[in-house]
Amino acid sequence: MTTIAPIDPQDTASRAGIPDLDHIAGHWAGLDEIAHLPSLRNQQGQGHVDYDLSSLSWLVAAPFTFGYHTGELRLDGRTLAAQRFLWRPWGVTREHRGDGLLLSTDTRMALSRDLLLWRLTVTNESPEARTVELSQDLFAMVAHTEVGFGWLYDVPWNHGNHHDFMTLERIRATTGGRCESYLLSPASRRLRLGKPRIPGIQRDEDHGPMLLDDALPAHVSPDREPEPRVGVAATVRGLTVDSADGSVAVRADEAIRLTPDDEANLDAFALSPGMTIAFELRLDTKSQSGTVLTHGNHPDSLQIGVENGCPWLGIAGERVFTDVAAPAGEWHRVSAHIEADRVVLRLDDEEITRTEHWTRSRRWTSASKDGMVAIADTRSAARAAYAFTDAPSALRAEGPGGRATWTCRIDPGQSVTIGITCAYGTDAHDVAADARAAAESLEATMLAGEDGWRRHWANMFTPGNPDFSGHLPVLTTDDAGLADTYYLGALQVLYMRNIRIRPGEPVFLTGGPRLGPTTTYFWDHCEWSRMYALLEPAGLRSWLLRVLSGPYRDSFGIEARSGGPLGNAYSANDYALFRLIEHYVCTSGDVAFLDESTGGATVFEHLERLGFGWRDKRRADTGGVLADFGDDAWSLLECVPTYTGVVAGFNGAYVGMTRSMAGLYRQRGRQEDGARADAEAEVLAAAVLELYAGAGRWRIRRPDGTDTIGHCLDFGLTSAALHRDLSDEMRHEMADFVTERLLVGGWMRALSPDDPAAATSDRPDHGAAGAFCAWPGVTAYGLARLGYRDRAIALLRDLTSAASGGVWGQAMEIVTGPDGRPRARVAERGVSNRDSIAGASGAEAVLSAVFGVTPSFATDGPDELPDTLTAEGIGTLTGLRSPVG
């Protein structure tokens, strides 16, 4: 158990003029105001609140991970929906008011502990005494695993561990009485016979942009042994898909030969209640194991296969097996009848198995003892225990959990409060003791968590503090909006911090909670690189050495727990890692870092590889001067199909990197190399300027022709690197393009809505529907570099209105508010993240765009920053110096 001492009033942030966490953190937000519900984090794990008053989903604190959700609260047998939410770093409060009663729940992940806390309060607002029954489900489908923590991390299901984003989100959508069924995906998917594709590449087609609604790449941890994916040697004939109304969705009368490595594609359709998929199957040999049929290409897909010659059925995260054999060499009729809440598998017209509701899981066992409920995972060492501040009137253990019930009489104007705790670990005795101790001192445990968060917050701005190897400067200003953006960005960094993934080295996660509990992306980190270098120079140094030791040009980031590479290559990698190294060295003064060896080269040699990355990307058929990033949209903006080939943004970044290398060469006495790099930069800059299409837009060059695009990434990167090369007219046009076409609703769009690609780029991070949380900061810096600091400040001043009662998320969508005017909110649809470290980009832009903190090898190099900077008409930054810890 972690003990946190009370905060000394002399050490609070308020003594330095830093706003209190209660001011910076979220505000009450109604369900009609937000799309993406609040998250929970505790510096070692993360989770999501659901639509009811108590359940939690996507709980993970490596090496522990939870499946399904923790269970709903009922009042007199009814599950109530949360009507409004209040997020704080230490927890989320949910409320429901109706029928003279106010229900309020405070849900927390205890700071730096494997412990969940609930405080349930019922207030009688009616004039009469009320007797109510409260009942709380007590689920803890927890697993312990040392592998599988990739971007798509393993979640425990009944038959094993894997990531099934779509099913778990549909289960979450049933909470709060919203709906009952979760089994069937509404997406139209192709029916396939034979060998299934790798789960996680959730698209029916191999090419094209990745849209958020029903697509997710296979970014799984490399330390996990993949599940074998094989088909069968068999023949299928007479396949039909009949809908409930008698219509035929798919028909294939002819015989289709299957081999273990082949795939046969049929038409696409959506599953619906009353549908039946039927076919005749003849296995070539006995005792085969493999997949026969798959609807779609997703982990939640309906699948039919055989295991040792016996049919099995899979759907929505589950797989049910049978011991009924289908003898080889004979024709057998196989059918799957689909209903909203079950699928029934028949062999030769006899039912052999069916799916069950997730709450009937057979993987976990539970027992009630000494007024507690203990839960054990039969597939791992994970154990959990529930305890209570007040003994339930009834307590029942069953299957994967149980239920606690309280009968309470409440006088008018009075309240009843009940506390629930859930501890998890690998030792059943210790887990029970932790849960019981927390229940016996619930208020003190909750207060300790709040105090701990406040101490971390104060220490972020305190030189020589015990939490961070550096610190952030204090912003003093009368501009309330600018201050809110800066300090909420700082809180975003603190909120995304994890101190357990790598003991002794803090990790700042990229996103989540539905994804990536141990993942860091290179690109996202560079969006707050100045802050990173100031706050955690020792941690950044260590992280860079690990990243540079691996194949950083072939992946988008690392799985920080194992240290392995993760995902596909990003065209941003050279720019991102160069900027992180440059900002670290120039901010910390740690010039010796450049001569340190990692990954078979010195850091300086890695810098050369990154900064001159354009050299090996040139192609004769696209001009032979600028970098051509190829035809894979996934490596650039994922959802903008035209943004491939020679693009202005990253080529502009290469101009800036090449000039930085010229400055670094000169600092190391290599004058000829510096002059050569300067000359190359001039050639690159001229070639980038040739891509300018006028009116703030840029051309894209490919071997088969050109397109014109109006994207904020081109604006941000060219403005940052080429502001001195641009004519006055170009600077004016570019700034006006941003103001008139992109900025909207206190936020912005990434892509101009009148762009030809907009119709096929409907994503609220990189398309026309909104903007990634880093883009306003990047855009503000670009505006300032072009000489429009007033516009930059105006943009930064309004950003907190989009945070949806919490911190900024990955995708911020533009919607119409109740007043009929556009506004931005954290998007929930598809696979977007509720939290994203790149949201700190707004605070980063306060440093760079407003106060001119622009450390670079190209100018003064790693000279010591002044302790105080003043921006005329704005205020001051104090405490900028942050030596390496």
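Residues numbered from 1 in each chain as written. Predicted model: local features only at pLDDT ≥ 70, side-chain atom pairs only at ≥ 80, totals over all residues. Heavy atoms only, no water.

1. Observations regarding the overall build of the protein
Part 1 of the argument: Counting secondary structure elements, the protein contains 17 helices and 54 strands.
Part 2 of the argument: Its C-alpha atoms give the protein a radius of gyration of 28 Å, near enough to 29 Å, the size a compact globule of 885 residues would have.
Part 3 of the argument: With the C-alpha coordinates aligned to their principal axes, the bounding extent of the protein is approximately 80 × 70 × 55 Å.
Part 4 of the argument: The proportion of buried residues among the 885 residues of the protein is 63%.
Part 5 of the argument: Taking the contacts inside the protein whose residues are at least 6 apart along the sequence as the reference set, 68% of them involve residues at least 24 apart.
Part 6 of the argument: Looking at the protein as shown, the accessible area adds up to about 30400 Å², and 47% of this sits on carbon and sulfur atoms.
Part 7 of the argument: Looking at the protein, you have 84 positive and 119 negative side-chain charges, and the mean spots of the two groups are 1 Å apart. (Helix = DSSP H or I, 4+ residues; strand = E, 2+ residues; numbered from the N terminus. Rg over C-alpha atoms; globule rule 2.2 N^0.38 Å. Buried < 20%, exposed > 50% of the residue type's maximum accessible area, 1.4 Å probe, protein only. Contact = heavy atoms within 4.5 Å. Areas by Shrake-Rupley, 256 points an atom, 1.4 Å probe, with all protein chains shown as cover. Lys, Arg positive; Asp, Glu negative; His and termini not counted. Charge placed at Lys NZ, Arg CZ, Asp CG, Glu CD.)

2. So, the packing of aromatic side chains
Part 1 of the argument: This model, assessed by the stated rule, comprises 37 aromatic pairs.
Part 2 of the argument: Look at tyrosine 68 and tryptophan 364: their rings are 6.4 Å apart centre to centre, the planes differ by 85 degrees, and that puts the pair in the edge-to-face class. One end of the pair, tyrosine 68, is in the loop between β5 (64-66) and β6 (73-75); the other, tryptophan 364, is in strand β29 (residues 364-369), and 296 residues separate them in sequence.
Part 3 of the argument: On the basis of relative accessibility, which here comes to 2%, the residue tyrosine 68 falls in the buried class.
Part 4 of the argument: Given the relative accessible area of 2%, tryptophan 364 is considered buried.
Part 5 of the argument: For the ring pair phenylalanine 772 and tryptophan 775, a centre distance of 5.2 Å and an interplane angle of 70 degrees mean the geometry is edge-to-face.
Part 6 of the argument: Here phenylalanine 772 falls in the buried class, since its relative accessible area comes to 8%.
Part 7 of the argument: Three or more aromatic residues link up through ring pairs in this structure, and these residues are Trp151, Tyr521, Trp523, Phe556, Tyr570, Tyr575, Phe629, Phe650, Tyr654, Phe772 and Trp775.
Part 8 of the argument: The ring of tyrosine 495 has arginine 41 lying over it, and the distance from NZ or CZ to the ring centre is 5.6 Å.
Part 9 of the argument: The lysine or arginine in question, arginine 178, covers the ring of tyrosine 51, its NZ or CZ lying 3.6 Å from the ring centre. (Phe/Tyr/Trp six-rings, centres within 6.5 Å; stacked < 30°, edge-to-face > 60°. Lys NZ or Arg CZ within 6 Å of the ring centre and 35° of its normal.)

3. Examining the sheet that holds strand β4 (residues 56-61)
Part 1 of the argument: If you walk across this open sheet you meet the five strands as β2-β3-β4-β5-β13, and the pairing is antiparallel. Here the strands that pair on one side only, and so sit at the sheet edges, are β2 (39-41) and β13 (142-144). Neighbour-to-neighbour, the strand axes of the sheet open up by a mean angle of 15 degrees, direction not taken into account.
Part 2 of the argument: Two elements, β4 and β5, share two bridges in a ladder whose sense is antiparallel. (Pairing = 2+ DSSP bridges. Axes fitted to C-alpha atoms, helices over the stretch in contact; angles between N-to-C directions.)

4. Topic: empty space enclosed by the protein
Part 1 of the argument: This structure, assessed with the given rule, holds seven cavities of 30 Å³ or more.
Part 2 of the argument: As a volume, the second largest cavity reaches approximately 80 Å³.
Part 3 of the argument: Residue lining of the second largest cavity: Asn158, Glu318, Arg319, Val320, Thr355, Glu356, His357, Trp358, Arg360, Ser361 and Arg362, and that is the complete set. (1 Å grid on protein atoms, 1.4 Å probe; cavity = no way out; pocket = protein on both sides within 12 Å on 5 of 7 lines; lining within 4 Å. Points joined across faces, edges and corners; volume = space filled by probe spheres on them.)

5. Digging into the pattern of salt bridges
Part 1 of the argument: This structure, assessed with the given rule, holds 66 salt bridges.
Part 2 of the argument: Where glutamate 95 meets arginine 84, a salt bridge forms, and the shortest distance between an N and an O atom there is 2.9 Å. Of this pair, glutamate 95 sits in strand β9 (residues 91-98) while arginine 84 sits in strand β8 (residues 84-88), placing them eleven residues apart in sequence.
Part 3 of the argument: Residue class for arginine 84 comes out partly exposed when judged on its relative accessible area of 31%.
Part 4 of the argument: A salt bridge links aspartate 728 to arginine 731; the nearest nitrogen and oxygen atoms lie 2.1 Å apart. Of the two residues, aspartate 728 and arginine 731 are both situated in helix α14 (residues 728-742); the distance of three residues between them amounts to about one turn of the helix.
Part 5 of the argument: A residue is classified by how much of its surface remains accessible, and arginine 731, at 17% relative accessible area, is buried. (Salt bridge = Lys/Arg side-chain N within 4 Å of Asp/Glu carboxyl O.)

6. Description of unusual backbone geometry
Part 1 of the argument: Alanine 62 connects to proline 63 through a cis peptide bond whose omega is 15 degrees.
Part 2 of the argument: As for its position among the elements, proline 63 is in the loop between β4 and β5.
Part 3 of the argument: The linkage connecting glycine 512 with the following residue, proline 513, adopts the cis geometry, with an omega of 5 degrees.
Part 4 of the argument: Inspection of the secondary structure puts proline 513 in the loop between β38 (511-512) and β39 (519-521).
Part 5 of the argument: Its identity is not glycine, yet tyrosine 68 carries a phi of approximately 55 degrees, on the positive side.
Part 6 of the argument: Of note in this structure, glutamate 638 is not a glycine but carries a positive phi near 65 degrees.
Part 7 of the argument: Among the structural elements, glutamate 638 can be located in the loop between α10 (603-611) and α11 (648-667).
Part 8 of the argument: For glutamate 638, a relative accessible area of 9% puts it in the buried group.

7. Observations concerning the sheet that holds strand β50 (residues 811-816)
Part 1 of the argument: On the basis of which strands lie adjacent, the open sheet formed by three strands has the order β49-β50-β51 and antiparallel pairing. Of all strands in the sheet, those bounded by a partner on one side alone are β49 (770-772) and β51 (822-826). Each adjacent strand pair in this sheet contributes to an overall mean axis angle of 25 degrees, direction not counted.

8. Quick notes on α10
Part 1 of the argument: Within α10, the full set of buried residues consists of Val603, Phe604, His606, Leu607, Leu610 and Gly611. In a view along the axis of α10, the buried residues occupy a sector of 155 degrees, so they form one face of it. (Arc of directions from axis to C-beta.)

9. Considering the side chain of aspartate 50
Part 1 of the argument: When you line up the elements, aspartate 50 lands in the loop between β3 (46-49) and β4.
Part 2 of the argument: The buried category is assigned to aspartate 50, whose relative accessible area is 0%.
Part 3 of the argument: Polar contacts involving the side chain of aspartate 50 include one to the side chain of serine 55, which spans 2.7 Å.
Part 4 of the argument: Excluding residues that lie within four positions of it along the chain, aspartate 50 makes contacts with Leu37, Ser55, Leu56, Ser57, His69, Phe85, Arg94, Arg172 and Thr175. (Polar contact = N/O pair within 3.5 Å; in protein donor to acceptor, adjacent residues only side chain to side chain.)

10. Overview of the state of the cysteines
Part 1 of the argument: Applying the stated criterion to the full structure yields zero disulfides.
Part 2 of the argument: Between cysteine 712, a free cysteine, and cysteine 639, which holds the nearest cysteine sulfur, the sulfur-to-sulfur gap is 11 Å. (Disulfide = S-S within 2.5 Å.)

11. Describing the nonpolar core
Part 1 of the argument: Counting residues in hydrophobic clusters, the biggest one holds 269 residues, and the most contacted among them are Leu239, Trp457, Trp747 and Trp775.
Part 2 of the argument: Listed in part, the 14 residues of the second largest apolar core include Met372, Ala432, Ala439 and Met446. (Core = buried A, V, L, I, M, F, W, Y, C linked by side-chain atoms within 4.5 Å.)

12. Describing the confidence of the model for the protein
Part 1 of the argument: Taken residue by residue, the protein gives an average pLDDT of 93. The fraction at 70 or more is 95%.
Part 2 of the argument: Between residues 1-15, whose pLDDT stays under 50, and residues either more than four places distant or in other chains, the model counts 23 contacts. (pLDDT = per-residue confidence, 0-100.)

13. Quick look at the environment of valine 142
Part 1 of the argument: Along the chain, the position of valine 142 falls in strand β13.
Part 2 of the argument: Linking valine 142 and proline 400, residues 258 residues apart in sequence, is a C-alpha distance of 9.5 Å.
Part 3 of the argument: Apart from the residues within four sequence positions on either side, valine 142 is in contact with Phe64, Thr65, Phe66, Trp364, Asp377, Ala382, Arg383 and Ala384.

14. Remarks on the packing of α11 against helix α12 (residues 671-689)
Part 1 of the argument: The interhelical angle for the contact between α11 and α12, taken along N-to-C directions, is 165 degrees, at an axis separation of 8 Å. Looking at the two axes, α11 sits roughly antiparallel to α12. With respect to the hand of their crossing, α11 and α12 are arranged in left-handed fashion. Each of Ala648, Asn651, Gly652, Tyr654, Val655, Thr658, Arg659, Ala662, Tyr665 and Arg666 in α11 lies in contact with α12, whose residues at this interface are Gln671, Asp673, Gly674, Ala677, Asp678, Glu680, Ala681, Glu682, Leu684, Ala685 and Val688.
Part 2 of the argument: A breakdown of the residues in the contact of α11 with α12 according to their chemical character gives ten nonpolar, five polar and six charged. (Parallel < 35°, antiparallel > 145°, perpendicular 65-115°, else oblique. Left-handed = near helix turned anticlockwise from the far one by under 90°. Nonpolar A, V, L, I, M, F, W, Y, C, P; charged D, E, K, R; others polar.)

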